[in-house]
Amino acid sequence: MLIGTVVLAGLALGLCAVLVLTDRLLPAGRDRVAEQVESLLPRIQCAQCGYPGCRPYAEAIAAGEADINRCPPGGEDTVRRLAEFLGREVVALDTTLGSASMNRVARIDEHNCIGCNRCVPVCPVDAVVGVQQTIHAVIAAHCTGCEICLAHCPVDCIDLIPRDA
Amino acid sequence: MRFDVAPGPHTAPIASVPITMRRVLYALAPAALAHVWFFGSGFAINFVVATVTALAAEAAVLRLRRRPTRVPLNDCSAIVTAALLSFAIPPLAPWWIPAFGAFCAIVVAKHLYGGLGRNLFNPAMVGYVVLLISFPAELTQWIPPRMGDLDYQHLAFLAHLSYSLTGALPTDVTVDALTRATPLDLVKEGLRSAQTYSEIRAGSLFGGIAGRGWEWINSFIALGGLYLLYTGTIRWQIPIMLLVGLLFPATLLWLFDPDRFATPGFHLFSGATLLGAFFIATDPVSAAESDRGRLIYGAGIGFLTYCIRTWGGYPDGMAFSVLLMNSAVPLIDRYTRPRIYGRD
Amino acid sequence: MLEYTPDRRPTGGLRLPAHKEASTAQPIARGFVPRTLVLALQQHQGPPTTPVVRRGERVLRGQVVARARALRSAAVHASTSGHVRAIEDRLVPSVHAVHRTRCIVIDADGEDEPLPPGAGSAWPEDPEKQLKSIRDGGIVGLGGGVFPTAEKLGPQTPCKVLIINGVECEPYISCDDMLMREAAAEIVDGALIMRELLAAPECIVAVERDKPQAIEALLEAGRASGDASLRLADIPTIYPTGGERQLVEMLTGEEVPSTHYPSEIGYICQNVGTAFAVHRLVRAGEPLLSRVVTVAGDGIARPQNVETPIGTPIGELIEFCGGYRGDVDRLILGGSMMGYALPNDEMPITKGSNCLIAAARTEVRQDFSERFCIRCGNCGTACPARLLPQELLRAARDNDHALLDEFGLTDCIECGCCDVICPSHIPLTEVFRNAKFAHARYQRQEVFSAETQQRFRRHEERERADVQRGKDLQDQIRHEVETDEPARQQAIEAAIERARQRRSQDTDSE
Ligand code: SF4
Ligand code: SF4
Ligand code: SF4
Ligand code: SF4
């Protein structure tokens, strides 16, 4: 009886220790975690989360530095999936960060575009095409609706329109 | 003209849970009557106590979980659990035995796992095993069957009821005078004390194939099982494979040494073999989900039961085997998924 | 013609009450002329047709009112004579649901005046032209799939077997059965025309065993045709063996891979109604103007099969069958398993409408309360695609797209077997239908996300490379300038020289 109790309790404690140690000592493949977290994000690189793209945000989440509710385009769905994957609590989406949605795309009003070319380099996915002094255009199939280019247009000629329109 | 719309398919459903459960109860009825005939009113008392407890426990838990109570209560699944439990409990048990068993079955095995459809283990068998482990003495109080030439003594209904509720026996009887070991016990004990099988079989409790009385009850159970098969309530995979898994090793070993191993017929008509094959192992919730998985699941239960009966510490092993195989179900399911049409 | 029984058992499926007695008790009613026609421009799977008539114009029976411009399309014809009242958007039943599409609305004048004889073009010799002729004849798959027939008969992977589908396994529907009984010779002729077009070595007509009269008639017609490549397979009466994939497996033992159409592995399936339409087109020059529609259900006064002009409003067809009887609970287009309920009876019969059920309360599902899944496995046993609906259900309700893929959501043919057999009355099929939409959206999103990620990576790399290149250039100049004294002197002198020249130029120009 006594021996049994001791052996079983010892076994439980020992295995417990092994689990804790492996968690502490092994680097836990942070990169792999970050990669998987990234694959759960919308990956549209809009930077609304406050990080310069989805990967940095994913790394911050993996390192436990960021909340999981900072991705507006992903919405509640993404929060839920992240929570499930990471074993964290589901939290409400942080609505203060922005309203980018994957259902919209940018469109350049060709009557007003002055061909300044400022929108081209800032687009994170190279969705704007055009060279200086010509009218620019957005490739709707590539645009993620991240709103980044809007602020860079000096004549304010970029709008967001529904994706299917 | 305008019409209401509803999603298809529009054909009305051709099966329902209450109907399924009710069929199971009908199928058990003849065996229950035979039980009462051979072993007295104990079964009836146990069944009523277990049913009342099961329904009350179910209602209480549903209330606690803030779930609607009407629909789950009228699906009869709690009554089926109670009935199966009553078949496993000896007739001469105090009232709190079936009550406690039913309580464990419903509250622990069923609702703590999420209710009907979510339970990993067969509720009736969990209830029975809890009883078997906690109250071994009470669970051996079997009585001899009502057979003309046997020396048996049965309590009248009222006497039985009062024994069940208060533990008081009529003045001229003792528990020991009423109880007798079951055929499975006799075989186990006998073989252990180096008797040969045929010597044991010569005892007065044994009939042509297995224990007297038991043969009849089990025949009625088989009849009920055939009714379930006929109505499509259960499918053949589990019962057939369970019997194969049990009888195949039984036949082999019996042919090998008929003195030390019981006949396949004895195994078939003793203990919970047929009840298990047709009624317990076929509980859909805790069984494997695909047809192929069910073959393995059934065979596993049969084989484990044989092992426990022959080499284990308990005379019968159906309950343990069912629970063991229940725990193997996720694994079986994982490896027996049917190949989807048009995919490799 | 040889009759044989395939020696395979269908996977899954259910034996369901047929409900076909009432509508097969009398011959197909013919000669029905509606008062109005609503001809949708898109009655097939593919791009819509282009109208070629104007408002107010008089059209004759058989006249093309909308032309097929695309290859995967089929023309639309006026099925009776009358005046074009309008060309407008209307709600029209399509394969899986009602959708809004452009329609030509015609007020029929009751004269049913046909085009003058000889107006239709004769059947051409050249196979290419023959296909065009089928397209212009407006012929599509009449079994309900409405895939343009010309496209299916076109040159593609060589056809091993042409399968003429007369299985018609779904409850209530009996239009194919009646057509086979009454026009077996025409169907066989149509089948042989298609076999010729496909250069198929073999042609199997598949009919369910519960249609002895149709089988008898077909055998007779087959014998009369004297063609040795024809065979008739009698199929066990189990729903849904009439599904293309199920039928191919049943007849050939081959499974159609998930990612392919049956035609891509050499099996072309055509409905018996389509064969009949091809016969009419080739032998009589008549395009697809009408189809046989089963009008059934306890809520109809005279259940029967009616040869219905395409575009007939459903209300008029019901009227022709004696109107509604008693309380009609639901009006279902299609059979009782795969059909869907219509919100009203103002919509037209299209090329794909095979059956109309005016259902009384007692014959359709009323109980929509569901219980927990008890894992009974009935659904998996009944599933013809060998799926595990209970697992799919869990994955669908959890929105777990990886699991949905693994358990084969897209392989579900929405036959409804799992649903009908489920003792817990879980609306599995509906869940799967909705999940398919969500899943497709999710997959599009995933592809887009992955591409976006790639683009972003390239963008970043380029930016980094740009910055790097700039730095490199600066470094190089600084390096050269700092390490090489003569070069440095030279550079300074060159700069002074340049400045001097500019100055002298400036003074010159003054
Ligand atoms: S907010 Fe934008 S950049 Fe940040 S994770 Fe979401 S999609 Fe990516
Ligand atoms: S075009 Fe504008 S809105 Fe679209 S992805 Fe590029 S920066 Fe974002
Ligand atoms: S509806 Fe889908 S899952 Fe259900 S039986 Fe049919 S094919 Fe299988
Ligand atoms: S038929 Fe219904 S209850 Fe049975 S396993 Fe399938 S979903 Fe569950």
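Worth saying up front: this structure is predicted, and the values here are computed from it rather than measured.

Okay, the side chain of Arg-43 of chain A next. Assignment of secondary structure puts Arg-43 of chain A in the loop between helix 2 (30–40) and helix 3 (54–62). Apart from residues no more than four positions distant in its own chain, Arg-43 of chain A is found in contact with Glu-38 and Cys-54 of chain A together with Glu-446, Ser-449, Ala-450, Thr-452 and Gln-453 of chain C.

Counting residues in hydrophobic clusters, the biggest one holds 93 residues, and the most contacted among them are Phe-279 and Tyr-297 of chain B. For this core, the element with the most residues is helix 1 (residues 17–39) of chain B, which contributes 10 residues. In terms of domain composition, this core takes at least three residues from each of domain 1 (15–179) and domain 2 (182–335) of chain B. Dropping the residues within four chain positions of it, Phe-279 of chain B is found in contact with Val-24, Ala-27, Leu-28, Leu-84, Ile-221, Gly-224, Gly-225, Leu-228 and Leu-274 of chain B. Formed by 57 residues, the second largest nonpolar core is a distinct cluster that contains Cys-159, Tyr-172, Ile-193 and Leu-219 of chain C.

Residue and element names in this part refer to chain B. Turning to helix 9 (residues 183–192), its buried residues are Pro-183, Leu-184, Asp-185, Val-187, Lys-188 and Gly-190. If you follow the buried residues of helix 9, they end up packed against helix 10 (197–201), helix 11 (214–230), helix 13 (264–268) and helix 15 (291–311). Immediately beyond the C-terminal end of helix 9, within one or two residues, lies Ala-194, with a positive phi of roughly 65°.

With that out of the way, let us pick up the domain arrangement of chain A. All names here are of chain A. You can read the domains of chain A as domain 1 (33–86) and domain 2 (104–162). The gap between the C-alpha centroids of domain 1 and domain 2 is 26 Å. Note on domain 1 versus domain 2: buried area summed over both sides is about 370 Å², and carbon and sulfur give 59% of it. It is Ile-44, Gln-45 and Cys-46 that lose the most area in domain 1 upon contact with domain 2, and together they represent 79% of the buried surface on that side. Our count for the domain 1 to domain 2 interface comes out at 0 salt bridges. Viewed at the interface, domain 2 and domain 1 are joined by 1 residue pair in polar contact (both at pLDDT 80 or more). Tallied by class, residues from the side of domain 1 that touches domain 2 come to 2 nonpolar, 2 polar and no charged.

A separate point is the side chain of Ser-353 of chain C. Residues and elements named next belong to chain C. Within the fold, Ser-353 resides in the loop between strand 16 (340–341) and strand 17 (355–359). Among the residues examined, Ser-353 registers a relative accessible area of 2% and is labelled buried. Only 2.8 Å separates the side chain of Ser-353 from the backbone nitrogen of Thr-350, close enough to count as a polar contact. The residues touching Ser-353, leaving out its near neighbours within four places in the chain, are Arg-291, Val-292, Val-293 and Leu-333.

Right, let's talk about the packing of helix 3 (residues 175–182) of chain C against helix 5 (residues 212–225) of chain C for a bit. Residues and elements named next belong to chain C. Packing of helix 3 against helix 5 leaves a shortest axis separation of 8 Å and a crossing angle of 40°. It follows that helix 3 is oblique to helix 5 by the angle criterion. As for how helix 3 packs across helix 5, the hand of that crossing is left-handed. Residues Asp-177, Met-180 and Arg-181 of helix 3 touch helix 5, and the partners they reach there are Gln-213, Ala-214, Ala-217 and Leu-218. Partitioning the contact of helix 3 with helix 5 into residue classes produces 4 nonpolar, 1 polar and 2 charged.

So, on to unusual backbone geometry. For residues besides glycine, phi is generally negative; the peptide bonds are generally trans as well. All names here are of chain C. Here the amide bond leading from Tyr-239 into Pro-240 is cis, since omega sits at 0°, within 30 degrees of zero. The phi dihedral of His-19 falls on the positive side, at around 55°, and the residue is not glycine. With respect to the secondary-structure elements, His-19 resides in the loop between strand 1 (2–4) and strand 2 (36–40).

The immediate surroundings of ligand 3 are formed by Cys-383, Pro-384, Leu-387, Pro-389, Cys-412, Ile-413, Glu-414, Cys-415, Gly-416, Cys-417, Cys-418 and Phe-432 of chain C. A class-by-class count of the residues in the shell around ligand 3 yields 10 nonpolar, 1 polar and 1 charged.

Residue and element names in this part refer to chain B. A contiguous nonpolar surface patch, about 500 Å² in accessible area, is contributed by Trp-236, Ile-240, Val-244, Phe-248 and Leu-252. Note that Phe-248 resides in helix 12 (residues 237–256). Classification of Phe-248 as exposed rests on a relative accessible area of 54%.

Residue and element names in this part refer to chain B. Mapped onto the secondary structure, Ala-102 falls in helix 5 (residues 96–111). Linking Ala-102 and Ala-54, residues 48 residues apart in sequence, is a C-alpha distance of 5.3 Å. In contact with Ala-102, other than residues within four places in its own chain, are Ala-50, Thr-53, Ala-54 and Leu-85.

This next bit is on the interface of chain A and chain C. Of the residues lining the interface, 22 residues belong to chain A; the matching set on chain C comes to 16 residues. When the two sides are added together, the surface that chain A and chain C hide from each other amounts to roughly 1500 Å², 46% of it contributed by carbon and sulfur. Counting every contact that joins chain A to chain C gives 3 salt bridges. In this structure, the salt-bridge partner of Arg-43 of chain A is Glu-446 of chain C, at a minimum N-O distance of 3.0 Å. Elements that contribute at least two residues to the side of chain A that touches chain C include exactly helix 2 and helix 4 (75–86) of chain A. Counted by class, the side of chain A that touches chain C contains 10 nonpolar, 5 polar and 7 charged residues.

Our focus in this paragraph is the site of ligand 1. In the vicinity of ligand 1 there are 13 residues, among which Cys-46, Ala-47, Cys-49, Cys-54 and Cys-71 of chain A approach most closely. Counted by class, the shell around ligand 1 contains 10 nonpolar, 3 polar and no charged residues.

All names here are of chain C. The antiparallel open sheet is built from 3 strands, whose spatial order is 3-5-6. Edge positions in the open sheet fall to strand 3 (50–51) and strand 6 (76–77), since each of these has one partner strand only. Sheet analysis places strand 3 next to strand 5 (residues 64–67), joined by 2 bridges and oriented antiparallel. Each bridged residue has a counterpart across the sheet, and for Thr-50 the counterpart in strand 5 is Arg-67.

Before going further, it helps to examine the environment of Leu-317 of chain C. Residue and element names in this part refer to chain C. Residue placement: Leu-317 occurs in helix 8 (residues 314–320). As a C-alpha pair, Leu-317 and Arg-245 span 72 residues in sequence and 32 Å in three-dimensional space. The contacts of Leu-317, once residues within four sequence positions are left out, are Phe-32, Val-293, Val-295, Val-306, Thr-308, Thr-312, Ile-349 and Leu-356.

Thresholds applied
- Residues numbered from 1 in each chain as written.
- Chains lettered and ligands numbered in written order.
- Predicted model: local features only at pLDDT ≥ 70, side-chain atom pairs only at ≥ 80, totals over all residues.
- Heavy atoms only, no water.
- Helix = DSSP H or I, 4+ residues; strand = E, 2+ residues; numbered from the N terminus.
- Contact = heavy atoms within 4.5 Å.
- Core = buried A, V, L, I, M, F, W, Y, C linked by side-chain atoms within 4.5 Å.
- Buried < 20%, exposed > 50% of the residue type's maximum accessible area, 1.4 Å probe, protein only.
- Domains from an automatic or database assignment.
- Buried area = accessible area lost by both parts, 1.4 Å probe.
- Salt bridge = Lys/Arg side-chain N within 4 Å of Asp/Glu carboxyl O.
- Polar contact = N/O pair within 3.5 Å; in protein donor to acceptor, adjacent residues only side chain to side chain.
- Nonpolar A, V, L, I, M, F, W, Y, C, P; charged D, E, K, R; others polar.
- Axes fitted to C-alpha atoms, helices over the stretch in contact; angles between N-to-C directions.
- Parallel < 35°, antiparallel > 145°, perpendicular 65-115°, else oblique.
- Left-handed = near helix turned anticlockwise from the far one by under 90°.
- Near = heavy atom within 4 Å.
- Patch = residues over 30% accessible without salt bridge, like charges linked within 9 Å, V, L, I, M, F, W, Y side chains within 5 Å.
- Areas by Shrake-Rupley, 256 points an atom, 1.4 Å probe, with all protein chains shown as cover.
- Pairing = 2+ DSSP bridges.

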